[in-house]
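# Inside the fold
Residues per chain, in single letters:
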Amino acid sequence: MSWRKQSILSAQQFTPTDLAEILEMSRALEAMLRTRRNLKLLDDYILATLFFEPSTRTRLSFEAAMHRLGGRVISTTGVQFSSLAKGETLFDTLKMVESYSDICAIRHSVEGASTLAARSIKIPVINAGDGAGEHPTQGLLDLYTIHKRGYLTNDKLSIAFVGDIRYGRTIHSLLQLLSHYKVQMTFISPPELALPDKYRRLLDAAHVAWQETTDIAALREANVGYVTRIQEERFTDRAEYERFKDAYIIDLELVNSCRKDLIVMHPLPRLSEVATDLDNHPAAVYFEQAHNGLYVRMALILGLLDVPLP
Ligand code: NCD
């Protein structure tokens with residue numbers, strides 16, 4: 001079954017054919033937006049954005065994507081739900097959202113929240129980040145960014161994930177998408193923040209070549225460095241977070257000692273892990289990466305609503 005008209009809950013749901021289609025649609029939309037500001041394809045459609053955890057890029061780019069397609073947006077942010085086990089509140093909110101909108105994007109601190117949401121309502125649900133679980137649309141825009149560099153083909157991709165690999169949901173989604181391509185993966189993290197077992201099994205089952213280390217020197221082998229913030233909000237022990245927060249710092253000096261074709265990616269927001277002295281270096285693609293989110297989210301919204309490109 002194609003990805004169209006579904007919900008987007010996990011990166012696992014996409015086939016290589018789906019991914020090729022999403023990358024091509026994103027490219028076409030990017031080209032169209034060079035000459036037009038509004039594609040006017042979704043008049044009469046409403047997107048609801050429900051963000052129960054902090055967000056800047058994800059929510060704004062979903063909303064900008066909907067506006068650029070000519071659709072409308074309703075949104076709510078910051079409401080705290082104490083637990084999904086108590087259920088009623090989120091369920092009731094969702095029933096309302098279902099009656100007011102045609103598609104919704106949800107961010108919630110509980111892993112699996114968007115899957116529960118998709119079971120509760122009939123409109124397509126997009127997982128915009130569920131706790132330390134996944135963030136599939138970020139994974140797709142990361143994939144698009146790598147694809148635009150030409151690194152997805154010709155056995156060219158050697159990616160090093162750096163930082164919080166345990167709680168970093170964007171990594172969990174991107175690694176699943178990349179497992180469909182010829183890729184070499186390296187995971188660089190403190191042992192306590194290493195890749196969860198679930199993803200180790202998944203990579204092994206997909207016969208992906210991967211390794212792990214605590215040594216940042218391994219970044220020198222890679223042509224993509226995917227750096228992440230230590231996810232402070234997932235730690236129960238503050239001292240533990242303090243111990244890891246400056247574990248790795250990617251700066252100009254380090255990047256200058258790496259491969260000439262290295263690109264440095266980051267889902268943002270960044271703290272100290274990517275030094276600002278890197279921002280004007282050609283390897284720094286994190287702002288471009290965030291910008292790409294607009295085109296990819298436009299493609300996803302169109303696909304889920306099953307509205308064709310002109
Ligand atoms: C990421 C997230 O929310 O998981 N941000 C984003 O959506 N671009 C990464 C993070 O918060 O560290």
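Residues numbered from 1 in each chain as written. Predicted model: local features only at pLDDT ≥ 70, side-chain atom pairs only at ≥ 80, totals over all residues. Heavy atoms only, no water.

## Re the site of the ligand
Looking at the ligand, the residues that line it are Thr58, Arg107, His135, Gln138, Arg169, Thr170, Arg229, Gln231, Pro267, Leu268 and Pro269. Here an oxygen atom of the ligand and a side-chain polar atom of Thr58 are 2.9 Å apart. Across the complex, the protein chains shield 94% of the 320 Å² of accessible surface that the ligand would expose by itself. Taken domain by domain, the makeup of the shell around the ligand includes at least three residues from each of domain 1 (11-135 + 293-304) and domain 2 (150-284). (Near = heavy atom within 4 Å. Polar contact = N/O pair within 3.5 Å; in protein donor to acceptor, adjacent residues only side chain to side chain. Areas by Shrake-Rupley, 256 points an atom, 1.4 Å probe, with all protein chains shown as cover. Domains from an automatic or database assignment.)

## Some remarks on the domain arrangement of the protein chain
On domain assignment, one finds that the protein chain holds domain 1 (11-135 + 293-304) and domain 2 (150-284). Distance between the C-alpha centres of domain 1 and domain 2: 25 Å. Contact residues are listed per partner, giving 18 residues for domain 1 and 15 residues for domain 2. For the interface between domain 1 and domain 2, the tally reads two salt bridges. Along the contact surface separating domain 1 from domain 2 lie 10 residue pairs in polar contact (both at pLDDT 80 or more). Of all the elements in the fold, those that place two or more residues in the side of domain 1 that touches domain 2 are α1 (16-35), β3 (103-108) and β4 (125-130). With three residues, the single largest contributor to the side of domain 1 that touches domain 2 is α1. (Contact = heavy atoms within 4.5 Å. Salt bridge = Lys/Arg side-chain N within 4 Å of Asp/Glu carboxyl O. Helix = DSSP H or I, 4+ residues; strand = E, 2+ residues; numbered from the N terminus.)

## Concerning the sheet that holds strand β5 (residues 157-162)
Taken together, the five strands give an open sheet; going across it, the order is β7-β6-β5-β8-β9, and neighbouring strands pair in parallel fashion. Among the strands making up the open sheet, the edge pair consists of β7 (209-213) and β9 (263-265). When the angles between neighbouring strand axes are averaged without regard to direction, this sheet yields 20 degrees. Bridge count between strand β6 (residues 183-188) and β7: five bridges; the pairing is parallel. Across the sheet, residue Thr186 finds its bridge partner in β7, namely Gln211. Here helix α7 (residues 197-205) sits on the sheet and contacts β6 and β7; the angle it forms with β7, its principal contact strand, is near 145 degrees. (Pairing = 2+ DSSP bridges. Axes fitted to C-alpha atoms, helices over the stretch in contact; angles between N-to-C directions.)

## Describing the pattern of salt bridges
By the definition in use, this model includes 22 salt bridges. The salt bridge involving Lys5 is made with Asp306; its shortest N-O contact spans 3.7 Å. In this pair, Lys5 is assigned in the segment before α1 and Asp306 in the segment after α10 (286-305), connecting sequence segments 301 residues apart. Looking at Asp306, the relative accessible area reads 35%, which means it is partly exposed. (Buried < 20%, exposed > 50% of the residue type's maximum accessible area, 1.4 Å probe, protein only.)

## A few points about the pairing of β6
Each regular strand carries side chains that alternate between the two faces of the sheet. Burial analysis of β6 places five of its six residues in the buried class, the great majority of the element. As paired elements, β5 and β6 share six bridges and run parallel to each other. Among the inter-strand pairings, Val162 is bridged to a residue of β6, identified as Ile188. For the crossover from β5 across helix α6 (residues 169-178) to β6, the handedness is right-handed. As a crossover connection, the stretch from β6 through α7 into β7 is right-handed. (Right-handed = clockwise from strand over helix to strand, strands pointing away.)

## Some thoughts on the pairing of strand β8 (residues 224-227)
Burial along β8 is two-sided: the residues Val224 and Tyr226 and Gly225 and Val227 are all buried. Here four bridges tie β5 to β8, and the two strands are oriented parallel to one another. Considered in β8, the bridge of Ala160 is made with Gly225. Judged from the three bridges that link them, β8 and β9 form a sheet pairing that is parallel. Bridge pairing links Gly225 to Val264 in β9.

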